[in-house]
Amino acid sequence: MILSKRWMAVTAGLFILCGSVWAQSSMSDEQVLEYAQQGAAEGKTRDELISELALRGVNRAQAERVYALYLSRQNTNQAVAASQDISRVHSVSGEVTDETQVSSFVSSNANVYGRNIFRDRGLNFSPSENLATPRNYRLGPGDEVIIDIFGQNQTTLRSTISPEGSINADILGPVYLNGMTVEEANTYLKKRLAKIYGGLSGSGTDMRLSLGQIRTIQVNIVGDVTSPGTYVLSAFATAFHALYRAGGVVDPGTLRNIKVVRGGKVVGIVDVYEFLMKGDLSSDIRLEEGDVILVTPYTSLVNVEGGVKRPMFFEMKEGETLANLFEYAGGFSNGANKAFVTVIRQDNKSFEVRTVEEADYANFRLVSGDRVEVGELQSLFQNRIIIHGAVYFPGTYELGEIRTAKALVEKAGGLLPEAFGGRVVVNREHPDKTKEIFSINLTDILEGKAPDFVLQNNDELFIASSFDLKDQGNMSISGMVKNPGSFPFAENTTIEDIIILAGGLQDGASHARIDVTRRKKDANGMVATSDIGELYSFSLKDGLMDDGDRSFVLEPYDEVVVHRSPSYNVQRHFTISGEVNFPGTYSFTSREERISDLVKKAGGLTKFAYVDGVRLVRRATGEELRQANEMVEIIEQKTDTINVQARQATQSTFTVAVDLEKALANPGGDEDVVLREGDRLEIPVLSNVVRIHGAVKYPTAVNFDGSMRGRDYIKAAGGYDEKALRSKAYVVNMNGRAKKLRGGTRIDPGAEIFVPYKIEDKKEFNYAAISAIAAAASSMATMGMSIFYIINITKK
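Residues numbered from 1 in each chain as written. Predicted model: local features only at pLDDT ≥ 70, side-chain atom pairs only at ≥ 80, totals over all residues. Heavy atoms only, no water.

### Describing the overall build of the protein
So the rule is basically this: In this text, helices come from DSSP runs of H or I with a minimum length of four residues, and strands from runs of E with a minimum of two, each type numbered from the N-terminal end. Here's how the labels work: a residue is buried when its accessible area is under 20% of the maximum for its type, exposed when over 50%, partly exposed in between, all with a 1.4 Å probe on protein chains only. Any two residues having at least one pair of non-hydrogen atoms within 4.5 Å are treated as being in contact. Only the protein chains shown count as cover for residues, and all accessible areas are computed by the Shrake-Rupley method using a 1.4 Å probe.
In terms of helices and strands, the protein carries 19 helices and 37 strands. Buried residues in the protein amount to 42% of all 796 residues. Within the protein, contacts between residues at least 6 apart in sequence are counted, and of these 63% link residues at least 24 apart. Entry remark: accessible area of the protein is about 42,400 Å², with carbon and sulfur atoms responsible for 50%.

Here it is in structure tokens:
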């Protein structure tokens, strides 16, 4: 048994908490150990367990004993594990020695029937304090005596027997009662009190003696128990309760010959098996002051294995037989061989095997160390026949009245319609366990054209069905049907049928072309060919075949494909927002709708629209994202840095630069961009602010002034920073178009100016240049411009 760390902490806590010796604990060391383990398993804290155990009277001395018990258990477990390792080594090497047998026997003694009965916390055999006082109970020091006088005279006297054995009654003086039974004390006191109460000698007054507070007694428990020692118990306690308090019997203690010694003489023999087998508590005698319970080693221990209900060790008394052992073991289990058993008995130098017949079980006496092996019955049958396959009631039948194949088939309900009776396989097992397979024509037998077939024990008939002899396969349908999948093959299934099985056609399915692919099969072919399949195409009209062979039916493993109609399209949408009369989402009506078409659908521009600031936000396709990511990877390899901002710029949308004024002036022209699914056209109002970012003294936003040029806006931001890369500065207009920044560059309303930093080394790029990229990517949300900027600054 291995204790948890929590229990170790509990033990240490008890050492500290219980500095003084408390009253005798009501729990044995074994019970303290189990209580702490269970509490730890339930999740109780260290302090909770310490408090609960202390309240139950566990003191420091007992905690030390429990800790020593824990250490001894650890050592025992290690020793058992070592002996098992030795046994395994012997087993692997092929040696079977006396040492191996003894080790195996001893290491299994923990599984002795009845050993755990006194460790069960739910069965403590505690005496009941509410029972009437037994008439043979002997009084002793500490018992409270209650004397009730009733009748003509009425009074109650209460007194406790002193250590000297007497009570002190005011009207009587000292009266010695020690050692008397309740009945003897009642008679004695009645005589003494009759001198005072005259009615006691007649019929007018009576007296009754009873017990009040019951004394405790001290009992010594020695021998092979978990916690031998002196225990304070109730005066009503019995031997079983005392053994429970001591933690139960341990190896090699006896359960059949526990002695109760009183005054140096054995006054009782406790046999636990009498209680376990019969519920007989007659040997569970009541204890008295100073009794000694002596648990000596067992005399005989026998192991029974195999086909019994309790395969384990049992303690046997001298003269007990196999019949007694099987009674203790609960009898034979189902499937056990009761005819004989094997007893392995140890001689002085070796082992011998004895086979005991059932008739001798009551006479064969067992000796200590015997190992009894009860075998299991083999799965042998004397009159079994089996029928499988295409009959109404396949299964196992009795070979008796049924002697022939015809009789067996009739008993099984007859052949199913699909049964193939022309060749029925018979699997026969001969008495020497050899197998033989042959076939019979059951159809001829049933029609009287052939003699009946005589069956033997363990014959098995296999009747195939026509489906068993042919690969039925599946047929499948895919494409524009509601429930595509595979279906079991059925004869005469048409294309219309499998479409119905698949739930019908989907909206958009082509009626003009439905394909069927079929496997190329040639069971007699000798060489490989280039043809591996056949293709059949059909059209439908009103759900029926419109061309081809109307008698066309599917074969196993055919695959039907329903194509999508080439003229079928689902709705696609684009969005326009901002300064139009009816902003919102619109549907395509043509594959080549353009910006001018979208503005027209939205009712045209409002008078507040800033045409030069219009931009088109487009969702990137997978190929566009792949190309953008490849560009970022090239840049990262060139600069030897992880460009987080550039990667963020290559997201799912990007801006397309447009010139709405030209697009509206020339619908269908080059500037009138063709739209695609998910496009969003943003029409802003005029912005009179110009923002300056990057390597300037003070990045800021400046009111638009038509007379100002690029150099003027740089000056408004405090001028260039010392690390500015002036030759790579650029301007991005609201519509997403970019141009190089020069001193005289004309700046449009809402534009943004970007001044990159010089790249002095790779580390600087990883910090400063990325900040510039972040500003560009976050303010414009553009993918193309950000990558354009990165490429430019890395060319230097």
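After presenting the structure, the write-up continues.
### A closer look at unusual backbone geometry
The omega torsion of the bond from D251 to P252 falls at 5 degrees, within 30 degrees of zero and hence cis. The residue P252 is located in the loop between α7 (239-245) and β8 (258-262) in this model. Phi angles above zero are rare outside glycine, and N492 is one such case at about 65 degrees.

### Here we look at the nonpolar core
Note the cut-off: Only buried residues count toward a nonpolar core, which is a set of Ala, Val, Leu, Ile, Met, Phe, Trp, Tyr and Cys residues joined through side-chain atoms within 4.5 Å.
Of all hydrophobic cores here, the largest spans 73 residues; its most connected members are I147, L177, I293, F314, L322, F326 and V372. Tallying contributions element by element places α7 first for this core, with 5 residues. In this structure F314 touches Y113, Y273, S300, L301, V302, V304, L325, Y328 and A329, once residues within four positions along its chain are discounted.

### A few points about the pattern of salt bridges
Our working definition: What makes a salt bridge here is a side-chain nitrogen of Lys or Arg within 4 Å of a carboxyl oxygen of Asp or Glu, nothing more.
Scanning all chains against the criterion turns up 29 salt bridges. Among the salt bridges present, the one from K520 reaches E534, with a minimum N-O distance of 3.7 Å. Pair noted here: K520 is in the loop between β23 (509-519) and β24 (533-538) and E534 is in strand β24, with a separation of 14 residues, a long-range link. K520 gets classed as partly exposed once you look at its relative accessible area, which sits at 44%. For E671, the salt bridge goes to R737, with nearest N and O atoms at 3.2 Å.

### Some thoughts on the environment of I293
Structurally, I293 can be placed in strand β10 (residues 292-295). Relative accessible area serves as the criterion here: at 0%, I293 is assigned to the buried category. Distance from I293 to R262, taken between C-alpha atoms, is 9.0 Å for residues 31 residues apart in sequence. Excluding its chain neighbours within four sequence positions, the residues that come into contact with I293 are V219, N220, I221, V222, A239, A242, L243, I258, K259 and L287.

### Looking at the environment of S379
Structurally, the position occupied by S379 is in the loop between β15 (371-374) and β16 (384-389). The exposed category is assigned to S379, whose relative accessible area is 68%. C-alpha of S379 to C-alpha of G335: the two residues are 44 residues apart in sequence and 9.4 Å apart in space.

### Let's talk about the pairing of strand β3 (residues 166-169)
Our working rule: By definition, two strands form a pair when at least two bridges between them are found by DSSP.
The sheet contact formed by β3 and strand β4 (residues 173-176) spans 4 bridges and is antiparallel. Along β4, the bridge assignment pairs N168 with P174. Between β3 and β4, which pair antiparallel and follow one another directly, the connecting turn spans 3 residues.

### So, the sheet that holds strand β11 (residues 301-306)
Selection criterion: To obtain each axis, a line is fitted to C-alpha atoms, and for helices this fit is confined to the stretch in contact; angles are then taken between N-to-C directions over 0 to 180 degrees.
An order of β12-β11-β15-β13-β14 is seen for the 5 strands of this open sheet, with the pairing classed as mixed. This sheet does not close on itself; its edge strands, each paired only once, are β12 (313-315) and β14 (351-357). This sheet shows a mean twist of 25 degrees between the axes of neighbouring strands, independent of strand direction. In terms of strand pairing, β11 meets β15 through 4 bridges, oriented parallel. Considered in β15, the bridge of V304 is made with V372.

### Some remarks on the packing of aromatic side chains
Any aromatic ring pair is given by two values, namely how distant the centres are and how the planes are angled relative to each other. What counts, and what does not: Pairs were defined over the aromatic rings of Phe, Tyr and Trp, the Trp ring being its six-membered one, requiring ring centres within 6.5 Å. Orientation was assigned from the angle between planes: stacked under 30 degrees, edge-to-face over 60, tilted for the rest.
Applying the stated criterion across every chain, the model contains 16 aromatic pairs. Between F125 and F275 the ring centres are 5.6 Å apart and the planes differ by 75 degrees, which places this aromatic pair in the edge-to-face class. Within this pair, whereas F125 is found in the loop between α5 (98-107) and β1 (144-151), its partner F275 is found in helix α8 (residues 272-278), the two being separated by 150 residues in sequence. Note on accessibility: F125 and F275 belong to one class, buried. Between the aromatic rings of Y730 and F754, the centroid separation amounts to 5.2 Å while the plane-to-plane angle is 20 degrees, which identifies the pairing as stacked.

### Re helix α6 (residues 182-194)
Filter applied, for reference: For a helix, the expected span equals 1.5 Å multiplied by the number of residues minus one. The directions considered for the arc are those from the helix axis to the C-beta atoms.
Helix length check: α6 (13 residues) gives 18 Å between terminal C-alpha atoms against 18 Å at 1.5 Å per residue, within 8%. Residues of α6 that are buried include every one of V182, A185, N186, L189 and L193, and no others. Seen from one end, α6 has its buried residues packed into an arc of 100 degrees, which puts them on one side. Close packing links the buried residues of α6 with β1, β4 and β5 (205-211).

### Here's the deal with the sheet that holds strand β22 (residues 485-488)
Taken together, the 5 strands give an open sheet; going across it, the order is β22-β21-β27-β23-β24, and neighbouring strands pair in mixed fashion. The open sheet has two edge strands with one neighbour each: β22 and β24. For this sheet, the mean angle separating the axes of adjacent strands, direction not counted, is 20 degrees. Where β23 and strand β27 (residues 559-564) come together, 5 bridges link them in antiparallel fashion. Opposite A509, over in β27, you have R564 as the bridge partner.

### Comments concerning the side chain of D515
Note the cut-off: Polar contacts here mean pairs of N or O atoms no more than 3.5 Å apart (in protein, one a potential hydrogen donor and the other a potential acceptor; neighbouring residues in sequence count only if both atoms are side-chain atoms).
In this structure, D515 sits in strand β23. For D515, a relative accessible area of 6% gives the class buried. Within the structure, D515 has its side chain in polar contact with the side chain of S537 (distance 2.6 Å). Look past the residues within four positions of D515 in its chain and what remains in contact with it is L535, Y536, S537, E559, V560, V561 and H563.

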